[in-house]
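Structural description and commentary
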Amino acid sequence: AQSVTQLDSQVPVFEEAPVELRCNYSSSVSVYLFWYVQYPNQGLQLLLKYLSGSTLVKGINGFEAEFNKSQTSFHLRKPSVHISDTAEYFCATRTPFSGGYNKLIFGAGTRLAVHP
Amino acid sequence: ETGVTQTPRHLVMGMTNKKSLKCEQHLGHNAMYWYKQSAKKPLELMFVYNFKEQTENNSVPSRFSPECPNSSHLFLHLHTLQPEDSALYLCASSQTRRTSGDGGELFFGEGSRLTVL
C-alpha cells in the first residue's frame, strides 16, 4: 500500500534562514507527489506537485521540492523563510488511476515555526 | 467567491443534536471529498463522490451521512455524534481524470470546525 512519512513533526527556524521539510514515500507503482500548506484556521492550499519529468519542482511562495527515486524522497525546501511561512505542511501521494477521482494519502504534517 | 466554500465555519453541538455541514464548489469539478482532520492524526478520507455517485466510504460510522445532490454541492449530515468526532472537517473537489497522467490535485475549502459536547 502507498504511504507517506513526514520525518519531522515540528521544525523551528529563524527568519531568512533556509529550511528543508522531509518527506519519504513508499509505492510500488507510478508516483505522484504533492506538498500542501495549511495556514492557521484555513484549509489546505497546493504548494507544488510532481507528476513526471524534471525532478526539481518549483511551487508558489518560493518553495521547491526534489523528487529522488533512489531515496524515495520528496523533500520541500526554501532558501530563505519569512514569518508568514509559519504553517503546517503536508506531503501527499496519489493512488493510481481509479475511476477518475483522486485519492490522496497524506502524511502527518510538519509544523514550520519561523521565529524573528 | 472562493473555489470551495464550506458552511458553517464553526459548529458546536450536543450528542443528541442533528446538524449538517455544507460544501459548495465553483470550479466545475466532478469529484467531491470529505476529509476529517483531528489533532495529531493524519488527514482521514471519509467519502468520495464522483459524478454524484458515492465511490468511497472508508468505514465511516453511520452517524455520518453524506449527500451529493449535484456535482457542485456536498453535505455531511451529523446525528448522535460522540465527543471524539470533534475535528476539522474539510471538503475538497477535483477535476475528474481521464488518464493516470492528468493533474490530480485537490482543491480544499477552509473547513468546518466541529465541537461535540
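Definitions and cut-offs
Each chain carries its own residue numbering, running from 1 in the written order of its sequence. Chain A is the first chain written and ligand 1 is the first ligand written, with later ones labelled in order. Residue-level local features of this predicted model are given only where pLDDT is at least 70; pairs of side-chain atoms are given and counted only at 80 or more, and the full residue set underlies all totals for whole chains, interfaces and linings. Excluded from the side-chain calculations are hydrogens and water; all other atoms, namely the structure's heavy atoms, are used. A pocket, in this scheme, is an open set of points on a 1 Å grid over the protein atoms alone with protein on both sides within 12 Å along at least 5 of 7 lines, while a cavity is a set where a 1.4 Å probe fits but cannot get out; residues line either one if an atom lies within 4 Å of a point. Grid points are joined across faces, edges and corners, and a volume is the space filled by probe spheres set on the points. Strands are runs of DSSP state E lasting at least two residues, helices are runs of H or I lasting at least four, and both sets are numbered from the N terminus onward. Only Asp, Glu, Lys and Arg are considered charged in this grouping, and only Ala, Val, Leu, Ile, Met, Phe, Trp, Tyr, Cys and Pro are considered nonpolar; every other residue, Gly among them, is considered polar. When a carboxyl oxygen of Asp or Glu is within 4 Å of a side-chain nitrogen of Lys or Arg, the pair counts as a salt bridge. Whether a residue is buried, partly exposed or exposed follows from its accessible area with a 1.4 Å probe, protein chains only, as a fraction of its type maximum: under 20%, in between, or over 50%, in that order. Between 30 and 60 degrees the pair is tilted, below 30 it is stacked and above 60 it is edge-to-face, where a pair is any two Phe, Tyr or Trp rings, Trp via its six-membered ring, whose centres lie within 6.5 Å. Strand pairing is assigned whenever DSSP identifies at least 2 bridges connecting the two strands. Note on geometry: axes are lines fitted to C-alpha atoms, helical ones only across the stretch in contact, with angles between N-to-C directions running from 0 to 180 degrees. Any two residues whose heavy atoms approach within 4.5 Å at even a single point are treated as in contact. For this analysis, a polar contact is any N or O atom pair within 3.5 Å, provided that within protein one partner can donate a hydrogen and the other can accept it, and provided that sequence-adjacent residues contribute only side-chain to side-chain pairs.

Now for the layout of surface pockets. Rolled over the atoms, a probe as big as a water molecule pinpoints where empty space is left. In this structure, the largest pocket encloses a volume near 670 Å³. Lining of the largest pocket is provided by 26 residues; of these, Glu88(A), Arg111(A), Gln37(B), Ala39(B) and Lys40(B) occupy positions nearest its centre. No other element matches strand S10 (residues 87-94) of chain A, which puts three residues into the lining of the largest pocket. For the lining of the largest pocket, the per-class residue count stands at eight nonpolar, eleven polar and seven charged. Taken together, 14 residues form the lining of the second largest pocket, with Leu44(A), Gln45(A), Phe108(B), Gly109(B) and Glu110(B) sitting closest to its centre.

Let us look at the pattern of salt bridges. Side chains that carry opposite charge are capable of pairing whenever their charged atoms lie near each other. Residues and elements named next belong to chain A. Overall, the coordinates contain ten salt bridges over all chains when judged by the stated rule. The residue Lys-78 makes a salt bridge to Asp-85 at a minimum N-O spacing of 2.8 Å. Residue classification places Lys-78 among the buried positions, given a relative accessible area of 7%. Accessibility expressed as a relative area gives 3% for Asp-85, which makes it buried. Among the ionic pairs, Glu-88 bridges to Arg-111, the shortest N-O distance being 2.8 Å.

Below, the discussion takes up the packing of aromatic side chains. Here the distance between the centres and the angle between the planes together describe a pair of aromatic rings. This structure, assessed with the given rule, holds eleven aromatic pairs over all chains. Residues Phe63(A) and Tyr89(A) carry aromatic rings whose centres are separated by 5.5 Å and whose planes lie at 45 degrees to one another, so their mutual orientation is tilted. Taken as a pair, Phe63(A) in the loop between strand S7 (56-58) and strand S8 (64-68) and Tyr89(A) in strand S10 lie far apart in primary sequence, 26 residues in all. A single burial state applies to Phe63(A) and to Tyr89(A), both of which are buried. Linked through ring pairs, Tyr36(A), Phe90(A), Phe106(A), Tyr35(B) and Phe108(B) together constitute an aromatic cluster.

So, about the sheet that holds strand S1 (residues 4-7) of chain B. Residue and element names in this part refer to chain B. The strand order S1-S3-S8-S7 describes an open sheet built from four strands, whose pairing is antiparallel. Each of the sheet's edge strands pairs with one partner strand only, and the pair in question is S1 and strand S7 (64-70). Between one strand and the next, the sheet's axes are offset by a mean angle of 15 degrees, whatever the strand orientation.

Residues and elements named next belong to chain A. Relative to the elements of secondary structure, Gln-6 occurs in strand S1 (residues 3-6). Overall, Gln-6 belongs to the buried group, its relative accessible area being 10%. Sequence separation between Gln-6 and Leu-56 is 50 residues; the distance between their C-alpha atoms is 19 Å. Leave out the neighbours within four places in its chain, and Gln-6 touches Arg-22, Trp-35, Tyr-89, Phe-90, Cys-91, Gly-107, Ala-108, Gly-109 and Thr-110. Separated by 3.0 Å, the side chain of Gln-6 and the backbone nitrogen of Cys-91 make a polar contact.

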